[in-house]
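Listed here are the chains, written in short residue letters.
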Amino acid sequence: MSTTLDALSILTITRPDDWHLHLRDGPALRDTVADAARHFARAIVMPNLAPPVTTTAQAGVYRQRILTARPEGSDWQPLMVLYLTDNTPPDEIDRAVSSGFIHAVKYYPAGATTNSDSGVTDIKNAYGVLERMEKLGLPLLLHGEVTDQHIDIFDREAVFIERTLAPLCTQFPRLKIVLEHITTAQGAQFVASGGDNIAATITPQHLLYNRNDLLAGGIRPHNYCLPILKRSTHQQALIEAATGGSGKFFLGTDSAPHPQSKKESACGCAGCYSHHGAIELYAEVFDRANALDKLEGFASHFGPTFYGLPINEKKLTLRRSPWQLPATTQLGDDLMVPFYASETLQWAVVDGESNG
Ligand code: DOR
Ligand code: ZN
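For every chain, the first residue of the written sequence is number 1, and numbering continues from 1 onward in sequence order. Going through the entries in the order they are written, you letter the chains from A and number the ligands from 1. Residues qualify for local features only when their pLDDT is at least 70, as the model is predicted, and side-chain atom pairs are given and counted only at 80 or more; totals for whole chains, interfaces and linings, by contrast, use all residues. Water and hydrogen atoms were dropped before computing side-chain values, which therefore reflect all heavy atoms in the structure.

(A) Spatial organisation of the coordination of the zinc ion (ligand 2). Protein-derived ligands of the zinc ion (ligand 2) are His20 (NE2), His22 (NE2) and Asp254 (OD), with the metal-ligand distances lying across 2.0 to 2.1 Å. Keep in mind that water is not among the atoms, so a site may look incomplete; donors are the N, O and S atoms within 2.8 Å of the metal, or 3.2 Å for Na, K and Ca. Each donor residue of the zinc ion (ligand 2) lies on the same chain, and together they follow the pattern H-x1-H-x231-D. Pair noted here: His20 is in strand β3 (residues 18-21) and Asp254 is in the loop between β10 (249-251) and α10 (260-263), with a separation of 234 residues, a long-range link. Burial classification: accessible surface area is computed with a 1.4 Å probe over protein chains only, and a residue below 20% of its type maximum counts as buried, one above 50% as exposed, and the rest as partly exposed. With a relative accessible area of 1%, His20 lands in the buried category. We classify Asp254 as buried; its relative accessible area is 6%. Numbering goes from the N terminus for both helices and strands, where a helix is a DSSP run of H or I of at least four residues and a strand is a run of E of at least two.

Written out as structure tokens, the structure reads:
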């Protein structure tokens, strides 16, 4: 364990990776890629563009656009993901694996969230593809919510686990699965009690906030994301899962930028942008839980181990030094209000020592 935490409150960890990130495309890439590359070494790049990234060829071209947007001298790496549809052919999985740059396939239930219209209407439609993924060891990343309009939005993850995930695990017992951005005690419990082939990512917003932070005393659209923030008992279960030292839970920000005008609207978009201070937001959570010694495993070790990738060699140093997050940041030609805007965080990354 290379975490060092001394009385001066300096914390040095292996450089972290983000196992769930939305970079978008076009002019936004300059800002999202610069933020992603600042403190992290790699990121799983979500494919929910419009139109979505459904083929290895499209992922290759998107990857090039991302690499071009990297700041000079950066060796940060995008790990590409295919967007699963009802019509994805099983042979696409062979192409994805041989590409060497595709590391997973993302399942969005059709209509569940941003740009999910081309998602899967019935998981049985994807059984041929999932069989191939199980055989070749390519992970399936799940947006774990049912889309049934009769199911209350706060219950959609729990019902997904019961109706879709549990049968899926029985049907494909060796398929590698990441239940993305878990938001409930049921999600944490299901993953904790599953085999080594099932893991979960947890976002900073679901660790720092609960639904009161979205709805009590006025609607706060910048805290609206999907799956939606749940009650505080679920938040507590997530904090325990993240800080408990289990290799099944690792860092995935789900940082998802939307322009300010699209969030502050009568029908606001879902998504919190956290890459202006991602590792610092997690440090805040682990510090409050007296678990800073567990941050490195969660942020830097458990993800690569699950994905079968090497752990980063470089380090990142944080210092206890309160700083205020910006009120707004740039997203291409638009302004954006980031997550935790104008709030104060206790831990800051020590620039200059961060490339060691
Ligand atoms: O809040 C979210 N925003 N949840 C998602 O699943 C998608 C994401 C986005 O792409 O904006
Ligand atoms: Zn996402």
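(B) Here's a closer look at the side chain of His301. Mapped onto the fold, His301 is located in helix α12 (residues 295-307). Residue His301 is classed as buried on the basis of its relative accessible area of 18%. Contacts are assigned to residue pairs with any non-hydrogen atoms lying within 4.5 Å of each other. Residues within four places of His301 in sequence aside, it is in contact with Thr14, Glu296 and Ile311.

(C) Structural context of the packing of helix α11 (residues 278-288) against α12. As a rule, the C-alpha atoms of each element are fitted with a line to give its axis, helices using only the stretch in contact, and angles between N-to-C directions run from 0 to 180 degrees. Where α11 meets α12, the closest approach of the two axes is 9 Å, and the angle between their N-to-C directions is 145°. Facing Ile279, Tyr282, Ala283 and Phe286 of α11, the residues of α12 in contact are Leu295, Phe298 and Ala299. Under the scheme applied here, ten amino acids are nonpolar (Ala, Val, Leu, Ile, Met, Phe, Trp, Tyr, Cys and Pro), four are charged (Asp, Glu, Lys and Arg), and all others, including Gly, are polar. Its residues assigned to classes, the contact of α11 with α12 comprises seven nonpolar, no polar and no charged.

(D) How the structure looks around the state of the cysteines. When two cysteine sulfur atoms are found within 2.5 Å, that pair is recorded as a disulfide. Here the structure, examined in full by the defined rule, presents zero disulfides. Free of any disulfide, Cys272 has its nearest neighbouring cysteine sulfur in Cys225, separated by 4.3 Å. Note on Cys272: relative accessible area 1%, which makes it buried.

(E) Empty space enclosed by the protein, seen in detail. A pocket here means an open set of points on a 1 Å grid, computed over the protein atoms alone, that has protein on both sides within 12 Å along at least five of seven lines. A cavity is instead a set of points where a 1.4 Å probe fits but cannot get out; residues with an atom within 4 Å of a point line either one. Grid points are joined across faces, edges and corners, and a volume is the space filled by probe spheres set on the points. A full pass over the atoms with the stated rule returns three cavities of 30 Å³ or more. Put simply, the largest cavity is a space of about 130 Å³. Around the largest cavity, the lining comprises 19 residues; the ones closest to its centre are His22, Thr113, Leu226, Asp254 and Ala256. Across the lining of the largest cavity, the residue classes tally to six nonpolar, ten polar and three charged. As for the second largest cavity, its lining consists of His222, Ala256, Pro257, His258, Lys263, Gly271, Cys272, Tyr273, Met336 and Val337. Here the lining of the second largest cavity is composed, by residue class, of six nonpolar, three polar and one charged.

(F) Fine view of the site of ligand 1. Proximity is defined per residue: if any heavy atom of the residue lies within 4 Å of a molecule or strand, that residue is considered near it. Inspection of the region around ligand 1 gives 13 residues, with Arg24, Asn48, Thr113, Leu226 and His258 positioned closest. Here a polar contact is taken to be a pair of N or O atoms separated by no more than 3.5 Å, where protein atoms must pair a possible hydrogen donor with a possible acceptor and residues adjacent in sequence count only if both atoms sit in side chains. At 3.1 Å, a side-chain N or O of Thr114 approaches an oxygen atom of ligand 1. Within the backbone of Gly271, a nitrogen or oxygen atom sits 3.2 Å from an oxygen atom of ligand 1. Where accessible areas are quoted, they stem from the Shrake-Rupley method and a 1.4 Å probe; at the residue level, only the protein chains shown are allowed to cover. Here ligand 1 loses 100% of its free accessible area of 290 Å² to cover by the protein chains. Assignment to a cavity or pocket requires that more than half of a molecule's atoms be within 2 Å of the site's grid points. Under a 2 Å grid-point criterion requiring more than half of the atoms, the pocket assigned to ligand 1 is the largest cavity. Per-class residue counts for the shell around ligand 1 are four nonpolar, seven polar and two charged.

(G) Structural view of the pattern of salt bridges. Here, a salt bridge means any side-chain nitrogen of Lys or Arg that lies within 4 Å of a carboxyl oxygen of Asp or Glu. According to the stated counting rule, one finds twelve salt bridges in the structure shown. One salt bridge in this structure joins Asp35 and Arg38, with 2.7 Å as the shortest N-O distance. With a gap of three residues between them, Asp35 and Arg38 both fall in helix α1 (residues 28-39), about one helical turn apart. Of the residues examined, Asp35 reaches a relative accessible area of 16% and is grouped as buried. Ionic pairing is found between Arg132 and Asp91, a salt bridge with its closest N-O pair at 3.1 Å. Here Arg132, found in helix α4 (residues 127-136), pairs with Asp91, found in helix α3 (residues 90-99); they are 41 residues apart in sequence, far enough to count as distant. Accessibility expressed as a relative area gives 44% for Asp91, which makes it partly exposed. Here the residues in one salt-bridge network are Asp91, Asp94 and Arg132, joined through shared partners.

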